[in-house]
Amino acid sequence: MCGIVGILGSKPVAEDLVEALRRLEYRGYDSAGVATVENGHLGRRRAEGKLKNLERRLLEEPLSGRIGIGHTRWATHGRPTERNAHPHMSPKVSVVHNGIIENYRELKSELAAKGRVFEADTGTEAVVHLITDAMAEGAGPVQAVRAALGRLEGAFALGIIFAGEDDLMIAARQGSPLAIGHGNGEMYLGSDAIALAPFTDTITYLEEGDWAVLHRSGVTIYDRAGAAVE
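Residues numbered from 1 in each chain as written. Predicted model: local features only at pLDDT ≥ 70, side-chain atom pairs only at ≥ 80, totals over all residues. Heavy atoms only, no water.

(A) Structural detail: the layout of surface pockets. When its volume is computed, the second largest pocket comes out at roughly 220 Å³. Forming the walls of the second largest pocket are Pro 12, Ala 14, Glu 15, Val 18, Glu 19, Arg 22, Glu 55, Leu 58, Leu 59, Pro 62 and Leu 63. When contributions to the lining of the second largest pocket are tallied by element, the ones reaching two or more residues are helix 1 (14-22) and helix 2 (51-60). Looking at which element gives the most residues to the lining of the second largest pocket, the answer is helix 1, with 5 residues. Here the residues of the lining of the second largest pocket are counted per class, giving 7 nonpolar, no polar and 4 charged. (1 Å grid on protein atoms, 1.4 Å probe; cavity = no way out; pocket = protein on both sides within 12 Å on 5 of 7 lines; lining within 4 Å. Points joined across faces, edges and corners; volume = space filled by probe spheres on them. Helix = DSSP H or I, 4+ residues; strand = E, 2+ residues; numbered from the N terminus. Nonpolar A, V, L, I, M, F, W, Y, C, P; charged D, E, K, R; others polar.)

(B) Here's a closer look at the confidence of the model for the chain. Averaged over all residues, the pLDDT of the chain equals 91, while 93% of them reach at least 70. At the level of individual helices and strands, the chain shows its lowest average pLDDT in helix 3 (residues 104-113), which scores 86, and its highest in strand 12 (residues 211-215), which scores 98. (pLDDT = per-residue confidence, 0-100.)

(C) Examining the pairing of strand 8 (residues 169-174) more closely. Of all 6 residues making up strand 8, 5 are buried, and the element is well covered by its neighbours. Bridge analysis of strand 7 (residues 154-162) against strand 8 gives 4 bridges, and the strand direction is antiparallel. Pairing of Ile 160 across the sheet is with Ile 170, part of strand 8. Between strand 7 and strand 8, which pair antiparallel one after the other, the connecting turn spans 6 residues, and Gly 164 there sits at a positive phi close to 80°. (Buried < 20%, exposed > 50% of the residue type's maximum accessible area, 1.4 Å probe, protein only. Pairing = 2+ DSSP bridges.)

Have a look at this one:
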């Protein structure tokens, strides 16, 4: 079972993302990766095998972003290679995903016909390109994610960051658990509270169909219909 973490921090987050992923190792995994916003651009490091391989990669090629997402992957669609490891990304959007997008083949065919290029063998890239496509047509990040969520079938938990957005992370849950952690000028995202224990003991669990817009100052949670909820 895959693991998701996300941090909107006040200092570089790559090291803390890996530490949070280590607390999810009990789920099992065969590759891992992190992505951060680096001076307005998305930076990513991925590695096959254990987290020590990702740590080695980050020592060789550090990431300095103060906002980021991380993932441990257990291969279901596509082999356990670096190419298929999360996060998946376009120049504008980076996504980590647990679960299965059941209609990814149809979405992939539709998006490929519009010129979107797929690099991996996983269904997650369909999410990346759905959001990217909506943004290319003029939607803002929040509107683009909301539109994409309406197209997805299956079970999923998602963590999403954007190029040029140093204070925005979006999360969504359908059939796969996801928790929000509240800090002092920082916010966190995790597959469960265990991943967030080193950072906070104040947790909000997303309910089925919820999606959330996180900033360092707090979070707004919406239901499946797009209405804000407490």
